[in-house]
Amino acid sequence: MKTFGADALFLAPEYLGNVNALSFAIVGIAVGVYIMCWNITTFILFSRHFDFLAATQYPFLKYCINNSVIPISFLIYFLIKATYFARYKELIPTVEVIFLILGFLTGLFLALIISFFYFFGADKTILKRLQPHFKTRRRGLLNPSVINANSLMKTEWFLDSFIHVRRCRDVSHYSPALMEKIFKQHHFAAVVAVLLAYLLMVITGFFLDYKVFQIPAAASLLIFLAILIGISGAITYFFQSWSIPFLTIFFLILNFLYSIDWIDPRNKAYGLDYSDQQHWPEYSQESLQTLAQEGSIDDDRDNMVSILNKWKQKQGVDKPLLVVINTSGGGTRSATFTMNVLERLDSLLGNQIMNKTFIITGASGGMIGASYYRELYREKIKNPSINLHNPKYVDDIAQDLLNPLFSSFIARDLFAPEQKFSVGPYTYLKDRGYAFEAKLNDNTHGLLNKRLKDYISDEKEAAIPLMLFHTVITRDGKQMLISTQPMRFMMQASLIQPILPPVHLMQWILLRCLPTRTHTICVCLRYFA
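Residues numbered from 1 in each chain as written. Predicted model: local features only at pLDDT ≥ 70, side-chain atom pairs only at ≥ 80, totals over all residues. Heavy atoms only, no water.

Structural notes on the packing of helix 12 (residues 331-348) against helix 14 (residues 364-382)
And step 1. Where helix 12 meets helix 14, the closest approach of the two axes is 6 Å, and the angle between their N-to-C directions is 40°. The angle between helix 12 and helix 14 falls in the class oblique. Along this stretch, helix 12 crosses helix 14, giving a crossing that reads as right-handed. Touching G331, S334, A335, T338, M339, L342, E343 and D346 of helix 12 are S364, G365, G366, I368, G369, A370, Y372, Y373 and L376, all from helix 14. (Axes fitted to C-alpha atoms, helices over the stretch in contact; angles between N-to-C directions. Helix = DSSP H or I, 4+ residues; strand = E, 2+ residues; numbered from the N terminus. Parallel < 35°, antiparallel > 145°, perpendicular 65-115°, else oblique. Left-handed = near helix turned anticlockwise from the far one by under 90°. Contact = heavy atoms within 4.5 Å.)

Side note on unusual backbone geometry
And step 1. Its identity is not glycine, yet L91 carries a phi of approximately 55°, on the positive side.
And step 2. Structurally, the position occupied by L91 is in the loop between helix 4 (69-89) and helix 5 (94-135).
And step 3. By relative accessible area, L91 is classed as exposed at 64%. (Buried < 20%, exposed > 50% of the residue type's maximum accessible area, 1.4 Å probe, protein only.)

Examining the packing of aromatic side chains
And step 1. All chains considered together, the criterion is met by 14 aromatic pairs.
And step 2. Here the aromatic rings of F239 and F246 are separated by 4.2 Å at their centres, their planes lie at 20°, and the arrangement is stacked.
And step 3. Consider the rings of Y274 and Y428, whose centres lie 6.4 Å apart with planes at 80°: the pair is edge-to-face. Note that Y274 is positioned in the loop between helix 9 (243-259) and helix 10 (285-291) and Y428 in strand 6 (residues 426-429), a separation of 154 residues in sequence.
And step 4. Aromatic rings pair up to connect Y270, Y274, W280, F421, Y428 and Y434 into one cluster.
And step 5. The ring of Y88 has R87 sitting right over it, with the charged end atom 5.9 Å from the ring centre. (Phe/Tyr/Trp six-rings, centres within 6.5 Å; stacked < 30°, edge-to-face > 60°. Lys NZ or Arg CZ within 6 Å of the ring centre and 35° of its normal.)

Structural notes on the environment of S483
And step 1. Inspection of the secondary structure assignment puts S483 in the loop between strand 8 (479-482) and helix 19 (505-513).
And step 2. If near-sequence neighbours (up to four positions away) are discounted, S483 is found in contact with M467 and L468.
And step 3. Within the structure, the side chain of S483 is placed 3.5 Å from the backbone oxygen of M467, a separation counted as a polar contact.
And step 4. Polar contacts involving the side chain of S483 include one to the main-chain amide nitrogen of Q485, which spans 3.2 Å. (Polar contact = N/O pair within 3.5 Å; in protein donor to acceptor, adjacent residues only side chain to side chain.)

Quick look at the pairing of strand 6
And step 1. Inspection of the sheet shows strand 5 (residues 420-423) paired to strand 6 by 4 bridges, in the antiparallel sense. When the sheet's bridge partners are listed, F421 is paired in strand 6 with Y428.
And step 2. From the end of strand 5 to the start of strand 6, which pair antiparallel, there are 2 residues, and G424 there has a positive phi angle of about 65°. (Pairing = 2+ DSSP bridges.)

Following this line, the structure appears as structure tokens:
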């Protein structure tokens, strides 16, 4: 995932559009929550193997101190990587890097302090509840037993603090019932802490439309993993040797609910009706062949020729330069790269790059950048004062999209009760797709908040370049092309013309335009990570 920039989510987290001490502090809080959930879960599962902890003043604190090697090693590694990334990748001045690290440490220690204060309070409550057992020695203490006979390891010394080593106290004179009560009370306090983390995610999901609740993607992911650790620990603790059978039954039930679409994680195309499955279009080889009948292919071919002729008439010369732009995927990086290159090309061609472009094709991030530039050109036709070379448009498309996406996936898709919104007569869930579109519309000031059909007329009249979005149908690997114009001449009608190979649009355009009609150039915008 590093090649896609996933490491930047942790090393340069954004909050409210900025990488600053506050964004690092939020990630620091999430790291603290993750570390505490890990300690809580392992404490629940393994504290019974270290029975001497029951005789210490703060059992959970002592457990965390002796369990701190892995967290401290991770924190040192993370801080080194974050400092290097901020200084030499983000080119942030040294003073600002120091503030970023201080922000992270502030958030981390805040989460740890709150957690430990909670458990200190829990320790006092537990002591009060168990006080009668200590007062009555016969009931509580003088009941010899070998508590640690089944311990995972023999323990003689432990860290009472980070700088003080202490010999383990013999607790064999404590009754098993008392030991069990002490640890169960701590386990209950630990479960409450995990439930509070879950409640936090539910509340975040309800208010996710507000920017202040769109926490950095790294923080959302860490809190999600923390809750998963807590859930796995709870299953192991309560079901013991039945954990594997329970999980097997759980996944079978989950698979059944997916199979009947009671749980449907698929994103929806807003504007389409998904309410009545009986009237969904059939996807099969036969239905595709029905679409690609000879008459339909001829109609679509004539429509495309008409658009080509209108485009040529607009150029005003006998053999105009026809530009075909192809963009690659690559998320926000590719979108920013494409937007920046199109601005530079337009400046070199005297503001004529969109006028001379017949079609833009590609996928993923590159097409988002190209779509935004084409929309700005469309607006410029109505308002000539728009400067297509303004660098603020590159900054717009470069803004963060992953924070609301991750936050929505974790807080809404997985934990919070469903929330809905309407597009025309149809209702859809507010899922990660909704969060992505809402953030993209916000970044582009609402310019891309349009439907495909809003472009049919302009594309048909060759007022703006055509757009052809590429994707793949995962079920069978077929290529799916999305456009406002019908292009069934690109489908292979095997029942009608079984000997002909599929037609590629670029080949068709070149055959129509060369060698006598235009000069053709294909601009390939490929972002290399």
